[in-house]
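Listed below are the residues making up each chain.
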Amino acid sequence: YLSTTILTPAGELNSAGEANRRAFALFALGEIGAPDTGRLGALYESRQKLGHYGRALLAMALERAQPGDARVKTLLADIEGAVIASATGSHWEEPERDYYNFFGNTRSSSIALLALARLDTKNAMNPNVVRWLMVARSGDWWETSHETAWASLALSEWLERSGDKNPSYS
């Protein structure tokens, strides 16, 4: 199914929603061990169409397909350059609403944190993104179940990779 949903050549992507959906499909293919390097490269060339979370998904997919790929650093720099820092932490706001793909700034921030946790674990902004995600909760969850799933995934990945899962209080 994923392979058939991303057959349109990247140059023919008509909207940010289509580009972001392609990034998600390529990310999912990479996660199951079936990366499509040709389509990843084509989407990278059209990366200006992607939202912040689309760039984060593309970065993770590229790294999974070709570890050490220099394009990942470019995507991470784009993501870092778009962060919004405040007293409650750091987060991302998409430049336009992407209703096509369950838009949400919490979801976008979660996916950006997931990418940073995997690809730049020591990045100094990571704890601030965690702080923002924790403040963005309503009780024990986020606004939607979709946001809750992405936030939970990102936070657990960050805990695992940062070493905060096994703290030393001595």
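Check the entry above for the structure.
Residues numbered from 1 in each chain as written. Predicted model: local features only at pLDDT ≥ 70, side-chain atom pairs only at ≥ 80, totals over all residues. Heavy atoms only, no water.

Chemist: Is there a simple way to explain the packing of aromatic side chains in this structure?
Modeler: Centre distance and the angle of the planes are the two values used to describe a pair of aromatic rings. Scanning the entire structure with this criterion turns up three aromatic pairs. Geometrically, the ring pair formed by phenylalanine 24 and tryptophan 150 is edge-to-face, given 6.3 Å between the ring centres and 80° between the ring planes. With a gap of 126 residues between them, phenylalanine 24 in helix H2 (residues 16-31) and tryptophan 150 in helix H8 (residues 145-162) connect regions that are remote in the sequence. Ring geometry for phenylalanine 27 versus tryptophan 150: centroids 6.4 Å apart, planes at 45°, classification tilted. (Phe/Tyr/Trp six-rings, centres within 6.5 Å; stacked < 30°, edge-to-face > 60°. Helix = DSSP H or I, 4+ residues; strand = E, 2+ residues; numbered from the N terminus.)

Chemist: Looking at this structure, I do not really get the packing of helix H4 (residues 52-65) against helix H5 (residues 70-81). What am I missing?
Modeler: When two helices pack together, their arrangement is given by the angle between the helix axes and the distance between those axes. Following both chains from N to C, one finds H4 and H5 inclined at 160°, their axes separated by 9 Å at the closest point. Relative to H5, H4 is oriented roughly antiparallel. Of the two elements, H4 crosses H5, and the hand of that crossing is left-handed. Where H4 approaches H5, its residues His52, Arg55, Ala56, Leu58, Ala59, Leu62 and Glu63 are matched on the opposing element by Arg71, Val72, Leu75, Asp78 and Ile79. Tallied by class, residues from the contact of H4 with H5 come to seven nonpolar, one polar and four charged. (Axes fitted to C-alpha atoms, helices over the stretch in contact; angles between N-to-C directions. Parallel < 35°, antiparallel > 145°, perpendicular 65-115°, else oblique. Left-handed = near helix turned anticlockwise from the far one by under 90°. Contact = heavy atoms within 4.5 Å. Nonpolar A, V, L, I, M, F, W, Y, C, P; charged D, E, K, R; others polar.)

Chemist: Any chance you could explain the environment of isoleucine 79 here in plain terms?
Modeler: With respect to the helices, strands and loops of the structure, isoleucine 79 is situated in helix H5. Given a relative accessible area of 1%, isoleucine 79 falls into the buried group. Residues isoleucine 79 and alanine 56, spaced 23 residues apart in sequence, show a C-alpha to C-alpha distance of 7.1 Å. Setting aside its immediate chain neighbours within four residues, isoleucine 79 contacts His52, Arg55, Ala56, Trp92 and Ala112. (Buried < 20%, exposed > 50% of the residue type's maximum accessible area, 1.4 Å probe, protein only.)

Chemist: Explain helix H3 (residues 37-45) to me, please; I cannot follow it from the model alone.
Modeler: Spacing of three or four residues puts side chains on the same side of an α-helix, whose turn is 3.6 residues. Every buried residue belonging to H3 is among Leu40, Gly41, Leu43 and Tyr44, and all of these are buried. For H3, the angular spread of the buried residues around the axis is 165°, confining them to a single face. What points out from H3, more than 90 degrees from its buried face, is the exposed set Gly38 and Glu45. Buried-residue contacts for H3 involve H2, H4 and H5. (Arc of directions from axis to C-beta.)

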